[in-house]
Amino acid sequence: MNVNIEQSWKEALKEEFDKPYFERLVEFLHSEKKEGRTIYPPGSLIFNAFNLTPFDKVKVVIIGQDPYHNPGQAHGLSFSVPHGVQTPPSLINIYKEIESDLGIKINKDGSLEKWAEQGVFLLNAVLTVRASQPTSHSRAGWTEFTDAVIKTLSDKRTGLVFLLWGNFARSKKELIDTSKHAVFEAAHPSPLARGAFFGCRHFSKANTYLINEGEQPIDWSL
């Protein structure tokens, strides 16, 4: 099946695209479109995380759950919104932790494209959603695909950092070989977690690990 995705990912995941579940997923998305439903993000941005961060350039993986379901917010990167869109509450808390951890004051723009371009793979477990209906595509087959993505990264790469925030992301730990990658876990940055995310220091920990692996650290400032 021909999928519009960056070439190194196409090669790494080629077996997935021909599996029955993926064919059903594509059929499901076509049927949603035929029925006139609005889907986020737009089709050209569904694989944005993959296209901005090629397979062999990934250094850090941040796993989100579901795309934003309001107009203009989702653009294919977990926790991120396009330039000029109001920064969501979870991302504001991420910025607060970066400031506390690294002393970096981040501007209030919500686009994380600069992270993606440095090797921060911003993966949502589900890559599409119906407008105004959170988790509406959670059973469409995306989690089977993104579980395969995580496992492929774990199997074929070494020395990556996985940041698992909240119970949903932490459930993905079983897909990761912790003998060859760093896994840091914390509460979700959502305000609903009542500040439990703060103090995790994941950003300095990630950079320390990368430096020890001989890699360039991430510039978390935006």
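Computed from a predicted model, the values in this text were never measured in an experiment. (Residues numbered from 1 in each chain as written. Predicted model: local features only at pLDDT ≥ 70, side-chain atom pairs only at ≥ 80, totals over all residues. Heavy atoms only, no water.)

A. Structural detail: the pairing of strand β3 (residues 120-124). Burial of β3 is extensive: five of the five residues sit out of reach of the surface. The two faces of β3 match: Val-120, Leu-122 and Asn-124 on one face and Phe-121 and Leu-123 on the other face are all buried. Taken together, the five bridges between strand β2 (residues 60-64) and β3 define a ladder with parallel strand orientation. Opposite Gly-64, over in β3, you have Asn-124 as the bridge partner. (Buried < 20%, exposed > 50% of the residue type's maximum accessible area, 1.4 Å probe, protein only. Helix = DSSP H or I, 4+ residues; strand = E, 2+ residues; numbered from the N terminus. Pairing = 2+ DSSP bridges.)

B. Broad picture of the nonpolar core. With 69 residues, the main nonpolar core has Phe-50, Trp-115 and Phe-145 as its most contacted residues. Excluding residues that lie within four positions of it along the chain, Phe-50 makes contacts with Ile-5, Glu-6, Trp-9, Leu-13, Phe-121, Leu-123, Leu-127, Phe-145 and Val-149. (Core = buried A, V, L, I, M, F, W, Y, C linked by side-chain atoms within 4.5 Å. Contact = heavy atoms within 4.5 Å.)

C. Layout of the pattern of salt bridges. A complete count under the given rule lists 11 salt bridges for this structure. Of the charged contacts in the structure, one is a salt bridge between Glu-32 and Arg-37, with a shortest N-O distance of 3.1 Å. Of the charged contacts, one joins Arg-37 and Glu-35 as a salt bridge, the two residues approaching to 3.3 Å between their closest N and O atoms. Accessibility expressed as a relative area gives 35% for Arg-37, which makes it partly exposed. Judged by relative accessible area, Glu-35 falls into the exposed class, the value being 53%. It is possible to trace a salt-bridge network through shared partners that takes in Glu-32, Glu-35, Arg-37 and Arg-130. (Salt bridge = Lys/Arg side-chain N within 4 Å of Asp/Glu carboxyl O.)

D. View of the packing of aromatic side chains. Inspection of every chain in the model, using the stated rule, returns 21 aromatic pairs. Taking 6.1 Å as the distance between ring centres and 40 degrees as the angle between the ring planes, the aromatic pair formed by Phe-50 and Phe-145 counts as tilted. In this pair, Phe-50 sits in helix α4 (residues 48-52) while Phe-145 sits in helix α7 (residues 142-156), placing the two residues 95 residues apart along the sequence. Pairing Trp-165 with Phe-197 gives two aromatic rings, centres 5.1 Å apart and planes at 75 degrees, and the pair type is edge-to-face. Of this pair, Trp-165 sits in strand β5 (residues 161-165) while Phe-197 sits in the loop between β6 (182-186) and α9 (202-212), placing them 32 residues apart in sequence. Each of the two residues, Trp-165 as well as Phe-197, counts as buried. Chaining the aromatic ring pairs together yields one cluster made of Trp-9, Phe-17, Tyr-21, Phe-22, Phe-47, Phe-50, Phe-55, Phe-121, Trp-142 and Phe-145. (Phe/Tyr/Trp six-rings, centres within 6.5 Å; stacked < 30°, edge-to-face > 60°.)

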